[in-house]
Amino acid sequence: QVQVVESGGGSVQAGGSLRLSCVASMSIFNINYMGWYRQAPGKQRDFVVGITSGGLTNYADSVKGRFTISRDNVKNTLNLEMNNLKPEDTAVYYCAATLTGVATTWGKGTLVTVSS
């Protein structure tokens, strides 16, 4: 079972940038799907962006053009570059990893706060 740990959250002003990282406990070559989700206070957890082992990406409309996902296969790390942040991006961001035939693994999350 893979384990993932997020880092990089923090507080920024609107228009600022942050970079989140998610380190996996195994080679991400063998992880079929990894993604970022977020949960704002009092709301459900929402999809942000995902990437397959083959490099195919899918972004939520709300973050297209502002967020970029990438995989560092050497460091077994999933990164999320977030630019032009908005107050509505404030949430706990979770990393998810899915192996074929295995339930998705979630990290504990990292908090992103964007002030206006």
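Because the structure is a prediction, the values reported are computed rather than measured.

K.L.:
Got a minute to help me understand the sheet that holds strand E1 (residues 4-7) in this structure?
P.N.:
Here we have four strands laid out as an open sheet, ordered E1-E3-E8-E7, and antiparallel in their pairing. If you trace the sheet from one side to the other, it starts and ends with E1 and strand E7 (67-72), each paired once. Along the sheet, successive strands turn relative to each other by an average axial angle of 15°, direction set aside.

K.L.:
Looking at this structure, I do not really get the state of the cysteines. What am I missing?
P.N.:
Covalent bonding between the sulfur atoms of two cysteines is what defines a disulfide. Scanning the model with the defined rule gives one disulfide in all. What pairs with cysteine 22 in a disulfide is cysteine 95, and their sulfur atoms sit 2.0 Å apart. Residues cysteine 22 and cysteine 95 are joined through a disulfide that is left-handed, its torsion about the S-S bond being -70°. Placement of the pair is cysteine 22 in strand E3 (residues 18-24) and cysteine 95 in strand E9 (residues 91-98), with a sequence separation of 73 residues.

K.L.:
Mind showing me how you'd approach the packing of aromatic side chains here?
P.N.:
The geometry of two aromatic rings is summed up by the distance between their centres and the angle between their planes. Summed over all chains, the structure comprises two aromatic pairs. Ring geometry for tyrosine 37 versus phenylalanine 47: centroids 5.6 Å apart, planes at 70°, classification edge-to-face. Of the two residues, tyrosine 37 sits in strand E4 (residues 33-39) while phenylalanine 47 sits in strand E5 (residues 45-52), which places them 10 residues apart along the sequence. Note on tyrosine 37: relative accessible area 17%, which makes it buried. Residue class for phenylalanine 47 comes out partly exposed when judged on its relative accessible area of 29%. Between tyrosine 37 and tryptophan 106 the ring centres are 4.9 Å apart and the planes differ by 70°, which places this aromatic pair in the edge-to-face class. Highlighted residues: tyrosine 37 in strand E4 and tryptophan 106 in strand E10 (residues 105-106), separated in sequence by 69 residues. Joined through ring pairs, the aromatic side chains of Tyr37, Phe47 and Trp106 make up one cluster.

About the criteria used
- Residues numbered from 1 in each chain as written.
- Predicted model: local features only at pLDDT ≥ 70, side-chain atom pairs only at ≥ 80, totals over all residues.
- Heavy atoms only, no water.
- Pairing = 2+ DSSP bridges.
- Helix = DSSP H or I, 4+ residues; strand = E, 2+ residues; numbered from the N terminus.
- Axes fitted to C-alpha atoms, helices over the stretch in contact; angles between N-to-C directions.
- Disulfide = S-S within 2.5 Å.
- Phe/Tyr/Trp six-rings, centres within 6.5 Å; stacked < 30°, edge-to-face > 60°.
- Buried < 20%, exposed > 50% of the residue type's maximum accessible area, 1.4 Å probe, protein only.

That's the geometry; what it means functionally is another story.
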